[in-house]
Amino acid sequence: MEQSGYAQSLSRHYGRKGLGLAIVEGLRAAGKDRSAIQRDDLAPIDHFHIRGKEATLELARLAGLRRGIKVLDVGGGLGGPARTLAGEIGCQVTVLDLTEEYCRVGEDLTRRTGLGDRVVFCHGSALEMPFPDQTFDAVWTEHSSMNIEQKERLYDEIRRVLRAGGRLAMYEIMGGPNAPIHFPVPWARDAASSFLRPPQAIRALLSGKHFEEVAWVDVSTPALEWFRKRVAAARAAVAPPPLGLHLLLGEDFAPMFRNQVRNLEEGRIAVIMGVWDRPSHPSTSSVPSRVRRPADPRPRPSSDGPAGSPPSS
Ligand SMILES: C[S@@+](CC[C@H](N)C(=O)[O-])C[C@H]1O[C@@H](n2cnc3c(N)ncnc32)[C@H](O)[C@@H]1O
């Protein structure tokens, strides 16, 4: 695939030469059996978003994802969320990502964890998805829209590849009331590749594109708690752990995390989980809307998750 300037700058930010080897070496140093890698062995590195696997499972419950459905993970990175959806729920997941190295390493980790039949990787752009219309029951995005300026086109593409009656599950960092943000942050070293819009703008954009809201939860408070704990642990540690996001982010890792504490404390960013339906008909959804307002700090367990008709296979 030919690399556009945008793809190149993204690769410069996310790409790491020798990442696969560094992960295998980290597993060895952590005392894990490299010949039989378990999914959770990789959790410190392959969930590249706030609150890791816990947040992935929370969003899956909120979205009511079910066994056997076809899910597209847009900007799915190394595939930790995809392997979780496949391994714990039984979804068939396609990861689409513009960082070639993540796709290559992600594919290898998927094979080593025995999930090659349920998770596939596709190197490509969220703005030009290489899939026919209405291919997927659900589209999933976790912390991947921050790098994308053309959000209209992103959500047009998501809508196009989602089947009628299908579901969008998103967990994204958005703009707070007090922009600009402090850089560097985990998705960008400067403003040239960071494109945050406020939650109300994204909500209006999705409604305008005829998505129907099922849930909208502001999870900024648990995000801030998580970053505070991580920063405190990093300060107390003599050396970084063998496996962690520092392997992906390099030396900027510590200032990036400290900046996220500041960005959240100062209301410069907001962290949102949202679930939206592409109704079968523009004016009627198959799922009743159960909207929780931003004051509600985090989604409650699955008993309170969205009822109705999640996408079926
Ligand atoms: C912070 S990482 C999150 C990875 C993954 N979603 C996770 O939670 O572990 C952001 C990912 O979005 C991908 N990305 C950013 N812009 C993209 C685009 N236009 N098309 C496809 N992937 C993109 C990056 O390559 C990167 O892997």
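Here goes a summary of the coordinates provided. For every chain, the first residue of its written sequence is number 1, and the numbers climb from 1 along that sequence. For a predicted model such as this one, the threshold for reporting local features is a pLDDT of at least 70, and the threshold for listing and counting side-chain atom pairs is 80 or more; totals across whole chains, interfaces and linings nevertheless cover every residue.

## Notes on the overall build of the protein chain
In plain terms, the rule: Numbering of helices and strands runs from the N terminus; a helix is a DSSP stretch of H or I covering at least four residues, while a strand is a stretch of E covering at least two. Counting other C-beta atoms within 10 Å of its own, a residue is labelled buried from 20 upward, exposed at 12 or fewer, and partly exposed in the gap between, with every C-beta atom placed from the backbone. Here, residue contact means that the backbone-derived C-beta atoms of the two residues sit within 7 Å.
When helices and strands are tallied, the protein chain shows 11 helices and seven strands. Residues classed as buried in the protein chain amount to 45% of the 313 residues present. Nonlocal contacts in the protein chain, meaning residues at least 24 apart in sequence, comprise 79% of its contacts between residues at least 6 apart.

## Brief notes about the environment of T84
As for its position among the elements, T84 is in helix α5 (residues 80-89). Taking the C-alpha atoms as reference points, T84 and V119, 35 residues apart in sequence, are found 9.9 Å from one another. Once residues lying within four places of it in the same chain are set aside, the contact partners of T84 are R39, K53, T56 and L57.

## Concerning the sheet that holds strand β2 (residues 92-97)
Backbone hydrogen bonds are what pair the strands of a sheet, in a parallel or an antiparallel way. To keep things clear, this is the line we draw: The pairing criterion is simple: DSSP has to find at least two bridges between the two strands. Helix axes are fitted only over the stretch in contact, all axes being lines through C-alpha atoms; the angle between N-to-C directions runs from 0 to 180 degrees.
Read across the open sheet, the seven strands follow the order β3-β2-β1-β4-β5-β7-β6; overall the sheet is mixed. The strands lining the two open edges of the sheet, one partner per strand, are β3 (119-123) and β6 (212-218). Here the average twist between neighbouring strands, direction ignored, is 15 degrees. Alignment of strand β4 (residues 136-142) against strand β5 (residues 162-175), held across six bridges, turns out to be parallel. Among the inter-strand pairings, F136 is bridged to a residue of β5, identified as L162. The strands touched by helix α8 (residues 199-208) within the sheet are β5, β6 and β7 (269-277), with β7 carrying the most contacts at an inclination of about 15 degrees.

## So, the site of the ligand
Put simply, the rule reads: By convention here, the C-beta atom is placed from the backbone, and a residue is near a molecule or strand when that atom is within 6 Å of it. Under this grouping Gly is polar, as are all residues other than the nonpolar Ala, Val, Leu, Ile, Met, Phe, Trp, Tyr, Cys and Pro and the charged Asp, Glu, Lys and Arg.
The environment of the ligand is made up of 24 residues, and the closest members are F48, G75, G77, T99 and A126. Among the secondary structure elements, those contributing two or more residues to the shell around the ligand are α1 (5-14), α5 and β2. Looking at the shell around the ligand, its residues break down into 11 nonpolar, 11 polar and two charged.

## Concerning the pairing of β6
The buried fraction of β6 amounts to six of the seven residues, a majority that puts the element mostly inside the structure. Examined bridge by bridge, β6 and β7 share six bridges and lie antiparallel to one another. Note on β7: the bridge partner recorded for W216 is G274.

## Quick look at α1
How we decide: Our arc is simply the arc of the directions from the helix axis toward the C-beta atoms.
Of the residues making up α1, those classed as buried are L10, H13 and Y14. Down the axis of α1, the sector holding all buried residues measures 80 degrees, keeping them to one side. The exposed residues of α1 that point more than 90 degrees off its buried face are G5, Q8 and R12. Elements in contact with the buried residues of α1: α6 (100-112).

## Points about α8
For α8, the set of buried residues is P199, I202 and L206. Within α8, the buried residues cover an arc of 65 degrees as seen down the axis, which keeps them to one side. Along α8, the residues that are exposed and aim more than 90 degrees away from the buried face are Q200, A204, S207 and G208. Buried residues in α8 make contact with α7 (151-161), β5 and β7. Positive backbone phi, at 65 degrees, marks H210, one or two positions downstream of α8.

## Quick look at the packing of helix α9 (residues 220-236) against helix α11 (residues 253-265)
Here is the rule: Crossing handedness: left-handed means the near helix sits turned counterclockwise from the far one by under a right angle, and right-handed means the same turn made clockwise.
Interaxial distance between α9 and α11 falls to 9 Å at its minimum, and their mutual angle equals 145 degrees. As for the relative orientation of α9 and α11, their crossing is left-handed in sense. On α11, the residues that touch S220, A223, L224, F227, R228, R230, V231 and A234 of α9 are A254, F257, R258, Q260, V261, L264 and E265. For the contact of α9 with α11, the class distribution of residues is nine nonpolar, two polar and four charged.

## Concerning the environment of A254
Here A254 shows up in helix α11. Of the residues examined, A254 has 15 C-beta atoms within 10 Å and is grouped as partly exposed. Separated by 20 residues in the primary sequence, A254 and A234 place their C-alpha atoms 7.8 Å from one another.

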